[in-house]
Amino acid sequence: MFDLAALERRVAALEASQTASLRFGRVTGVKGGKVRAQFQDGQGMNSYDLSTVQKRVLKDKYICMPDIGEPVACLFSGQGCEQGVVLGAYYNGREEDPGQESYMDYRQYEDGTQLWYDRQNHRLVARVKGDCEIEAEKTIRASCREEAEIHSEKELVLKAPQIKLQGVISMENYDGGFTSGELRDNFHVVEGDITAEAVSLRQHCHENSGGSGTGGKPVGG
């Protein structure tokens, strides 16, 4: 249905805006990389589809689209509500301000997930309300100069055709006390020995065996 009133409003806006202008409105539609915005200074008139300003869109893609209802600043070239771009969202006093310091780079998502970097204290933090997945086609390396800790309240699994541990191994239970372990296959010691308190696996002997038999209780060696 042809809307003559809407056409008249657009013509009036075009005639009144022959120079570049900055206007503020709220997003009423999002499609692809473009949005529509509604402006209070235009009797609630909606713009046509406006391109959004993004950081990178050609070879690398770094795209973050606004939500419906988000306050945005729009720049128009003076050709009405058709020739313009959405510069980005802005604080208008009604949305919550995170209140972070200027040295904090902060991002929060709708589900409560938070990412921020504190360049003053050199600290990167990610608090995710869900799962984290990292997948690489080649090598993954992580290193640090101080302590590294991985904590799970349920289970920690290392899975690979070959697992190599370098360094002294110390085992404790979840609360830091004594623990026990279980091997479900053969355990082969290439060099060295295994001892349980004072009893050596390779050097021990047995009681009542003269030192060479297997009868009786094993004793230290």
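Bear in mind that the values here come from a model prediction, so they are computed numbers and not experimental data.

### Points about the overall build of the protein chain
Scanning the protein chain from terminus to terminus reveals 1 helix and 13 strands. Along the protein chain, helices (α) and strands (β) appear in the sequence α-β-β-β-β-β-β-β-β-β-β-β-β-β when read from the amino end. Pairs at least 24 apart in sequence give 35% of the contacts found in the protein chain among residues at least 6 apart.

### Observations regarding the pairing of strand S8 (residues 114–118)
Pairing of strand S7 (residues 104–108) with S8, which is carried by 5 bridges, proceeds in the antiparallel orientation. Its bridge partner lying in S8, Met-104 is registered against Asp-118. Counted between consecutive antiparallel strands, the loop separating S7 from S8 contains 5 residues, among which Gly-112 sits at a positive phi close to 100°. Pairing of S8 with strand S9 (residues 123–127) involves 5 bridges; the strand directions are antiparallel. Among the inter-strand pairings, Asp-118 is bridged to a residue of S9, identified as Arg-123. Adjacent in sequence and paired antiparallel, S8 and S9 are bridged by 4 residues, among which His-122 carries a positive phi angle near 55°.

### Overview of the nonpolar core
Nonpolar side chains tend to gather and get buried jointly when the protein is soluble and globular. Counting 9 residues, the largest nonpolar core is built from Val-27, Val-35, Ala-37, Phe-39, Leu-50, Val-72, Cys-74, Phe-76 and Val-86. Broken down by secondary-structure element, the contributors of at least two residues to this core are strand S2 (34–39) and strand S5 (71–76). The contacts of Ala-37, once residues within four sequence positions are left out, are Arg-26, Val-27, Thr-28, Met-45, Asn-46, Ser-47, Val-72 and Cys-74.

### Looking at unusual backbone geometry
Where the residue is not glycine, phi is negative for most of them; where a peptide bond is considered, it is trans in most cases. The backbone of His-122 shows a phi angle near 55°, a positive value even though the residue is not glycine. Tracing the chain through its elements places His-122 in the loop between S8 and S9.

### Some thoughts on the side chain of Thr-52
By secondary structure assignment, the location of Thr-52 is in strand S4 (residues 50–52). Of note is the side chain of Thr-52, whose polar atom sits 2.8 Å from the backbone oxygen of Gly-33. If we skip the residues at most four places from it in the chain, Thr-52 touches Gly-33, Lys-34, Val-35, Met-65 and Val-86.

### Examining a negative patch on the surface
A cluster of acidic residues, Asp-131, Glu-133, Glu-135 and Glu-137, forms a negative patch at the surface. Along the chain, Glu-137 turns up in the loop between S9 and strand S10 (195–196).

### Side note on the side chain of Asp-118
When you line up the elements, Asp-118 lands in strand S8. Within the buried core, Asp-118 has no salt-bridge partner, and the shortest N-O distance to an opposite charge, that of Arg-123, equals 6.5 Å. Within polar-contact distance, the side chain of Asp-118 engages the side chain of Asn-121 at 2.6 Å. Other than its neighbours up to four places away in sequence, Asp-118 contacts Tyr-103, Met-104 and Arg-123.

### Digging into the sheet that holds S9
The 3 strands lie next to each other as S7-S8-S9, forming an open sheet whose pairing is antiparallel. Only two strands of the sheet have a single neighbouring strand rather than two, namely S7 and S9. Put simply, the sheet's adjacent strands are angled 5° from each other on average, direction ignored.

### Some remarks on the packing of aromatic side chains
Counted under the stated rule, the structure contains 3 aromatic pairs. Their ring planes at 70° and their centres at 5.2 Å tell us that Phe-24 and Tyr-90 sit as a pair that is edge-to-face. Of this pair, Phe-24 sits in strand S1 (residues 21–31) while Tyr-90 is found in the loop between strand S6 (84–89) and S7, placing the two residues 66 residues apart along the sequence. Phe-24 sits in the partly exposed class, given a relative accessible area of 44%. You can call Tyr-90 partly exposed: its relative accessible area is 26%. When the ring of Tyr-106 is compared with that of Trp-116, the centres are 6.1 Å apart and the planes differ by 35°; the resulting orientation is tilted. Taken as a pair, Tyr-106 in strand S7 and Trp-116 in strand S8 lie far apart in primary sequence, 10 residues in all.

Cut-off values and rules
Residues numbered from 1 in each chain as written. Predicted model: local features only at pLDDT ≥ 70, side-chain atom pairs only at ≥ 80, totals over all residues. Heavy atoms only, no water. Helix = DSSP H or I, 4+ residues; strand = E, 2+ residues; numbered from the N terminus. Contact = heavy atoms within 4.5 Å. Pairing = 2+ DSSP bridges. Core = buried A, V, L, I, M, F, W, Y, C linked by side-chain atoms within 4.5 Å. Buried < 20%, exposed > 50% of the residue type's maximum accessible area, 1.4 Å probe, protein only. Polar contact = N/O pair within 3.5 Å; in protein donor to acceptor, adjacent residues only side chain to side chain. Patch = residues over 30% accessible without salt bridge, like charges linked within 9 Å, V, L, I, M, F, W, Y side chains within 5 Å. Areas by Shrake-Rupley, 256 points an atom, 1.4 Å probe, with all protein chains shown as cover. Salt bridge = Lys/Arg side-chain N within 4 Å of Asp/Glu carboxyl O. Lys, Arg positive; Asp, Glu negative; His and termini not counted. Charge placed at Lys NZ, Arg CZ, Asp CG, Glu CD. Axes fitted to C-alpha atoms, helices over the stretch in contact; angles between N-to-C directions. Phe/Tyr/Trp six-rings, centres within 6.5 Å; stacked < 30°, edge-to-face > 60°.

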